[in-house]
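Structure at a glance
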Amino acid sequence: MPNNLLVDGPADGVRVFTLNRPDALNALNTELLGNLSRALDDAEADPDTRAVVITGSQKAFAAGADINEMAARDLVGILEDPRVAHWQRIDRFSKPIIAAVNGFALGGGCELAMHADILIAGENARFGQPEINLGIMPGAGGTQRLVRKVGESLAMHMALTGEPISATRALQAGLVSEICQPELTLERAVQIGQSIARKAPIAVRLTKESVRKANDMNLAEGLRFERHAFTVLAGTEDRQEGLDAFREKRKPRFTGR
Ligand code: CO8
């Protein structure tokens, strides 16, 4: 059976994961999610990996959870669903994740894209939560992350009608940060990953954590968290290096210390 997750790199600090179930439009079955989750464990442990890119094919980033697999699960099967742990693993990943999305990002595919910290979309991308058409609802963050990203009205529209939105609409709504030609989506995402890979790793880690706290905390708590993180960075060698390099008009050499 072909490997349903291709792993490339790290090259220049970036590892690329390509979802590879072309016959099912990269539908996320338990095996694929498990492979992604283990690949993230490896990337987490590897100091040479500073950012990861998740991508699919030109036709589909991922067309959702695997409907055949889901149909075979009853209530208890869903209650004890092993996929939940895999989604949590993706959510816990401490390094930046960039999604390079072409084609369909539907249901679990849209939810996976929303686990990314930066989302780059090809002009042909379609984002949607069509679960309602199947008599179910989003189950991996599609009602929670979507509303935080695009606001309640559009999130309700998407989740209640199942209608997908275009890349342009996703850009306007703030779901994606950039659109490009489909052939360039992956290249652009890797470029962004490489740019992040050149920064000070502890500063990157704390920045990601701090920005994400904005979803979980009120403003006063979030500002307190940011202040602590900012203070912690004062103890790093990379902070000294960054400030010295600026004043000496040279490029910094960050070591992750
Ligand atoms: N699961 C399994 N197989 C799929 C899926 C899927 N989600 N999507 C497409 N496929 C398969 C098709 O069955 C077809 O297989 P075959 O050739 O053997 O018949 C093949 O991929 C190609 O698909 P189409 O022929 O349908 O291609 P089209 O270009 O005509 O249509 C669409 C593309 C519009 C994307 C269409 O395939 C479609 O509507 N797919 C389903 C989209 C969907 O409803 N997604 C939501 C799934 S539910 C979900 O994601 C819930 C997540 C909950 C997570 C909870 C975790 C704990």
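Residues numbered from 1 in each chain as written. Predicted model: local features only at pLDDT ≥ 70, side-chain atom pairs only at ≥ 80, totals over all residues. Heavy atoms only, no water.

Naming follows an unreviewed UniProt entry, where the protein chain appears as 2,3-dehydroadipyl-CoA hydratase of Marinobacter albus. What UniProt states about the protein chain under its Sequence similarities (unreviewed entry) heading is, verbatim, "Belongs to the enoyl-CoA hydratase/isomerase family." (UniProt positions renumbered as here; feature names shortened; annotations may be inferred.)

For the rest of this paragraph, the subject is the nonpolar core. Counting 42 residues, the largest nonpolar core has Phe17, Leu19, Phe61, Val101, Leu112, Phe127 and Leu175 as the members making the most contacts within it. A total of six residues in this core trace back to one element, the largest contributor, which is helix H1 (residues 30–45). Not counting residues up to four positions away in its chain, the partners in contact with leucine 19 are Asn4, Leu5, Asn26, Leu28, Leu32, Ile54, Thr55, Gly56, Phe61, Ala62 and Leu112. (Core = buried A, V, L, I, M, F, W, Y, C linked by side-chain atoms within 4.5 Å. Buried < 20%, exposed > 50% of the residue type's maximum accessible area, 1.4 Å probe, protein only. Helix = DSSP H or I, 4+ residues; strand = E, 2+ residues; numbered from the N terminus. Contact = heavy atoms within 4.5 Å.)

Around the ligand lies a shell of 25 residues, among which Lys59, Ala63, Ala65, Ile67 and Gly108 are the nearest. Taking aspartate 23, its main chain carries an N or O atom lying 3.3 Å from an oxygen atom of the ligand. Alanine 63 has a polar backbone atom sitting 2.9 Å from a nitrogen atom of the ligand. Taken by itself the ligand offers 1100 Å² of open surface, and the protein chains cover 63% of this. Those elements that provide at least two residues to the shell around the ligand are helix H2 (67–71), helix H4 (83–92), strand S6 (104–106) and helix H5 (108–115). Here the shell around the ligand gets three residues from one element, more than from any other, and that element is H4. Grouping the constituent residues of the shell around the ligand by class yields 14 nonpolar, four polar and seven charged. (Near = heavy atom within 4 Å. Polar contact = N/O pair within 3.5 Å; in protein donor to acceptor, adjacent residues only side chain to side chain. Areas by Shrake-Rupley, 256 points an atom, 1.4 Å probe, with all protein chains shown as cover. Nonpolar A, V, L, I, M, F, W, Y, C, P; charged D, E, K, R; others polar.)

Note that histidine 86 resides in helix H4. In this structure histidine 86 comes out as buried when scored by relative accessible area, which is 15%. Every residue in contact with histidine 86, bar those within four places of it in the chain, is listed here: Thr30, Leu33, Gly34 and Ser37.

Within this structure, the stated rule accounts for one cavity of 30 Å³ or more. Each pocket or cavity is described by its volume, and for the largest cavity that value is around 30 Å³. Around the largest cavity, the lining residues are Ile54, Phe61, Ile90, Ile97, Ala99, Leu112, His115 and Ala116. Among the elements of the structure, strand S5 (97–101) and H5 are those that each provide at least two residues to the lining of the largest cavity. A breakdown of the residues in the lining of the largest cavity according to their chemical character gives seven nonpolar, one polar and no charged. (1 Å grid on protein atoms, 1.4 Å probe; cavity = no way out; pocket = protein on both sides within 12 Å on 5 of 7 lines; lining within 4 Å. Points joined across faces, edges and corners; volume = space filled by probe spheres on them.)

The element H5 is extensively covered by neighbouring structure, given that eight of its eight residues are classed as buried. What H5 keeps buried is the set Gly108, Gly109, Cys110, Glu111, Leu112, Ala113, Met114 and His115.

Moving on, we come to the sheet that holds strand S7 (residues 118–122). Strands in a sheet are paired, the pairing made by backbone hydrogen bonds, and the direction either parallel or antiparallel. Read across the sheet, six strands follow the order S1-S2-S3-S5-S7-S10 without closing on themselves; strand pairing throughout is mixed. Both edges of this open sheet fall to strand S1 (5–11) and strand S10 (178–180), since each of them pairs with a single strand only. Here the strands of the sheet are splayed against their neighbours by 20° on average, with no regard to which way each runs. Where S5 lies against S7, four bridges are found, and the strand directions are parallel. Of the residues in S7, the one forming a bridge with valine 101 is alanine 121. Against the sheet, H5 makes contact with strand S2 (14–19), strand S3 (51–55), S5 and S7, and its axis sits at roughly 140° relative to S5, the strand it touches most. (Pairing = 2+ DSSP bridges. Axes fitted to C-alpha atoms, helices over the stretch in contact; angles between N-to-C directions.)

Our focus in this paragraph is the packing of H1 against H4. A pair of packed helices can be characterised by two numbers: the angle between their axes and the separation between those axes. Relative orientation of the contacting elements H1 and H4 amounts to 30°, with a least axis distance of 9 Å. Relative to H4, H1 is oriented so that their crossing is left-handed. Between H1 and H4, the contacting residues are Thr30, Leu33, Gly34, Leu36, Ser37, Leu40, Asp41 and Glu44 on the first element and Arg83, His86, Trp87, Arg89, Ile90 and Arg92 on the second. Per-class residue counts for the contact of H1 with H4 are five nonpolar, four polar and five charged. (Left-handed = near helix turned anticlockwise from the far one by under 90°.)

What follows covers the side chain of glutamate 241. Within the element layout of this structure, glutamate 241 appears in helix H12 (residues 237–247). Judged by relative accessible area, which is 14%, glutamate 241 ranks as buried. Once you skip the residues sitting within four places of it in the chain, glutamate 241 turns out to touch Arg250, Lys251, Pro252, Arg253 and Phe254.

Reported here for the largest pocket is a volume of approximately 780 Å³. Taken together, the residues that form the lining of the largest pocket break down as nine nonpolar, five polar and 12 charged. Its boundaries defined by the atoms lining it, the second largest pocket holds a volume of some 610 Å³. If you trace the second largest pocket, you find 28 residues lining it, with Ala65, Met70, Arg83, Met137 and Gly139 closest to the centre.

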